[in-house]
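The chain contents come next:
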Amino acid sequence: MADSREPAVQAAKLDTYRAWQATRYGSAAEALQLGELAYRAPVGAEVAIRVEAAALNPIDYKLLAGQLRRLQKLRFPATPGFDAAGTVIACGPGATRFSPGDRVFVRGSRDTLGAFAEITMQPQAFVAHAPRNLDASQAASLPLVALTTMQALEDRAHAQPGQSILVHAGVGGLGSFALQYARHLGLTVHTTCSERNRALAFSLGAQEVIAYDREDYRHRLDRYDMVFDTLGGEHTLGSFNVIKRGGVLVSVAGPPDREMAAKAPNFLVRWGMQAMAREVHAAAKNKQVRYFRFLTESDGPRLEALVPLIESGEIRPLIDRVFEFEQLVAACEYLQQGRARGKVVLRVALA
Ligand SMILES: NC(=O)c1ccc[n+]([C@@H]2O[C@H](COP(=O)([O-])OP(=O)(O)OC[C@H]3O[C@@H](n4cnc5c(N)ncnc54)[C@H](OP(=O)(O)O)[C@@H]3O)[C@@H](O)[C@H]2O)c1
């Protein structure tokens, strides 16, 4: 007989489920195959979620391509994907915060990933009850970008009302959340994007928009208390121009900071990371700027704390495009073009 915490869906559906699997490093087209996995009941504090939507993030195609191999190796075959939303179908005995039937959203485990599947198994510590005013696609679009923004602006920059911030790429997946959250924190918010996205950036809460195809933001010398660097490359160093002396640069795309380098798996990787970051550390020292570069941590309770902000409508998800589950390769290729306005999402209908 089924346990009382067992799924409220037909047992037949649970024998197997469809999941995207990467069997090698490569482009999405080279690496990904749609396959079937056997269902197993959740154990410990695991929650089994019937995925109704999953969101893409640049880290998905970067992991597939092996670009982050020094930090995070894929164990093949791997089901990729971090962000999912759906309905709990079963809970392990230790997953006491959830019950079958709960609508949830999650930024999944960095070790096991698994969002691009009809069912994902996640530790309850990463899962949160979903905002009631959102459909699954909207809910799935939020976890990774929301946690990244909170961990950048609150935990690293310690942003205070009245301070000023430049958010790079304010209409991208991450930026479109960060602009709104920065306004919620009471910051004066400026952003960069192309001229064609100017109106959208204002609608997301930017008070000033620097269109990079019209103006070089680097000429705005010593203007901001903090910069949220979502671009990396030349823009990490370039951002020092516009930060006030003693300010903060939080990057999610630039070279590793010392804390991140210290976590490197071995001496060689650590040495390589430190070498990559040398110029940035010199610029930070020169201007007495605190420089942070971090990897996002999954955190269910923190996502749950965000729910009132979403339900009140103060922060709204922005979705650029929804693809069907079977179109993951096309969705990755679309996101990889780097022109998304908001998030790219997969709709997952049970076959
Ligand atoms: N903790 C972490 O390590 C972490 C977490 C989250 C994200 N990230 C990284 O953050 C980066 C951004 O992620 P995302 O999800 O926002 O990516 P995305 O959605 O693909 O970003 C696309 C956006 O970038 C904008 N853009 C491109 N070039 C630009 C430029 N020179 N100046 C201003 N805007 C520009 C585009 O706007 P236009 O079309 O107007 O150019 C587009 O809206 C990625 O590299 C991702 O891997 C890291």
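Residues numbered from 1 in each chain as written. Predicted model: local features only at pLDDT ≥ 70, side-chain atom pairs only at ≥ 80, totals over all residues. Heavy atoms only, no water.

## Examining the overall build of the protein
Next up, step 1: Of the regular secondary structure elements, the protein holds 11 helices and 15 strands.
Next up, step 2: What you see for the protein is a C-alpha radius of gyration of 20 Å, in line with the 20 Å of a compact globule of 351 residues.
Next up, step 3: Taken along its principal axes, the extent of the C-alpha atoms in the protein is 70 × 50 × 35 Å.
Next up, step 4: Residues classed as buried in the protein amount to 56% of the 351 residues present.
Next up, step 5: Of the accessible surface of the protein, which amounts to about 15100 Å², a share of 51% is contributed by carbon and sulfur atoms.
Next up, step 6: The protein carries 41 positive and 36 negative side-chain charges, and their two centres are separated by 6 Å. (Helix = DSSP H or I, 4+ residues; strand = E, 2+ residues; numbered from the N terminus. Rg over C-alpha atoms; globule rule 2.2 N^0.38 Å. Buried < 20%, exposed > 50% of the residue type's maximum accessible area, 1.4 Å probe, protein only. Areas by Shrake-Rupley, 256 points an atom, 1.4 Å probe, with all protein chains shown as cover. Lys, Arg positive; Asp, Glu negative; His and termini not counted. Charge placed at Lys NZ, Arg CZ, Asp CG, Glu CD.)

## Quick word on the nonpolar core
Next up, step 1: One finds Phe105, Ile165 and Phe228 to be the most contacted residues of the largest nonpolar core, which totals 50 residues.
Next up, step 2: A domain split of this core shows at least three residues from each of domain 1 (11–141 + 317–347) and domain 2 (144–293).
Next up, step 3: Once residues lying within four places of it in the same chain are set aside, the contact partners of Phe228 are Thr148, Thr149, Ala152, Leu153, Ile165, Leu166, Val167, His168, Leu174, Ala178, Val250 and Val252. (Core = buried A, V, L, I, M, F, W, Y, C linked by side-chain atoms within 4.5 Å. Domains from an automatic or database assignment. Contact = heavy atoms within 4.5 Å.)

## Quick look at the sheet that holds strand β12 (residues 243–251)
Next up, step 1: Ordered by their spatial adjacency, six strands build an open sheet running β10-β9-β8-β11-β12-β13, and the pairing between neighbours is parallel. Strands with a single pairing partner mark the edges of an open sheet, and in this sheet they are β10 (208–211) and β13 (290–293). On average, adjacent strands in this sheet sit at an angle of 20° to one another, irrespective of strand direction.
Next up, step 2: Pairing of β12 with β13, which is carried by four bridges, proceeds in the parallel orientation. Directly across from Ser251, in β13, lies its bridge partner Arg293. (Pairing = 2+ DSSP bridges. Axes fitted to C-alpha atoms, helices over the stretch in contact; angles between N-to-C directions.)

## Considerations on the pairing of strand β5 (residues 103–107)
Next up, step 1: Of all five residues in β5, four are buried, a share of seventy percent or more.
Next up, step 2: As paired elements, β5 and strand β7 (residues 127–129) share three bridges and run antiparallel to each other. Residue pairing for β7: Val104 is matched across the bridge by His129.

## Brief notes about empty space enclosed by the protein
Next up, step 1: In total, this model carries three cavities of 30 Å³ or more according to the counting rule given.
Next up, step 2: A volume near 50 Å³ is recorded for the largest cavity.
Next up, step 3: Among the secondary structure elements, those contributing two or more residues to the lining of the largest cavity are β4 (83–91), β5 and α3 (136–140). (1 Å grid on protein atoms, 1.4 Å probe; cavity = no way out; pocket = protein on both sides within 12 Å on 5 of 7 lines; lining within 4 Å. Points joined across faces, edges and corners; volume = space filled by probe spheres on them.)

## Focus on the confidence of the model for the protein
Next up, step 1: Here the protein averages 95 in pLDDT, and 96% of its residues register 70 or above.
Next up, step 2: Here residues 1–5 scores under 50 on pLDDT; set against residues more than four positions off or in separate chains, the count is nine contacts.
Next up, step 3: Here residues 7–12 is modelled with pLDDT under 50, and outside its nearest four sequence neighbours on either side it reaches six contacts, counting other chains as well. (pLDDT = per-residue confidence, 0-100.)

## Section: a nonpolar patch on the surface
Next up, step 1: A contiguous nonpolar surface patch, about 400 Å² in accessible area, is contributed by Phe267, Leu268 and Trp271.
Next up, step 2: Position of Trp271 relative to the elements: it lies in helix α9 (residues 267–287).
Next up, step 3: Residue class for Trp271 comes out partly exposed when judged on its relative accessible area of 49%. (Patch = residues over 30% accessible without salt bridge, like charges linked within 9 Å, V, L, I, M, F, W, Y side chains within 5 Å. Salt bridge = Lys/Arg side-chain N within 4 Å of Asp/Glu carboxyl O.)

## Re the packing of aromatic side chains
Any aromatic ring pair is given by two values, namely how distant the centres are and how the planes are angled relative to each other.
Next up, step 1: Applying the stated criterion across every chain yields a total of four aromatic pairs.
Next up, step 2: With a centroid separation of 4.9 Å and an interplanar angle of 80°, the aromatic rings of Tyr25 and Phe76 are classed as edge-to-face. Remark: Phe76 occurs in the loop between α2 (58–65) and β4 and Tyr25 occurs in the loop between β1 (16–22) and α1 (28–31); sequence separation between them is 51 residues.
Next up, step 3: Tyr25 sits in the buried class, given a relative accessible area of 17%.
Next up, step 4: With a centroid separation of 5.8 Å and an interplanar angle of 20°, the aromatic rings of Phe177 and Tyr181 are classed as stacked. Here Phe177 and its partner Tyr181 are both found in helix α5 (residues 173–184), four residues apart, which amounts to about one turn of the helix.
Next up, step 5: The positively charged end of Arg69 is found above the aromatic ring belonging to Tyr25, 4.3 Å away from the centroid.
Next up, step 6: Above the face of the Tyr334 ring, Arg321 is positioned so that its terminal group lies 4.8 Å from the ring centre. (Phe/Tyr/Trp six-rings, centres within 6.5 Å; stacked < 30°, edge-to-face > 60°. Lys NZ or Arg CZ within 6 Å of the ring centre and 35° of its normal.)

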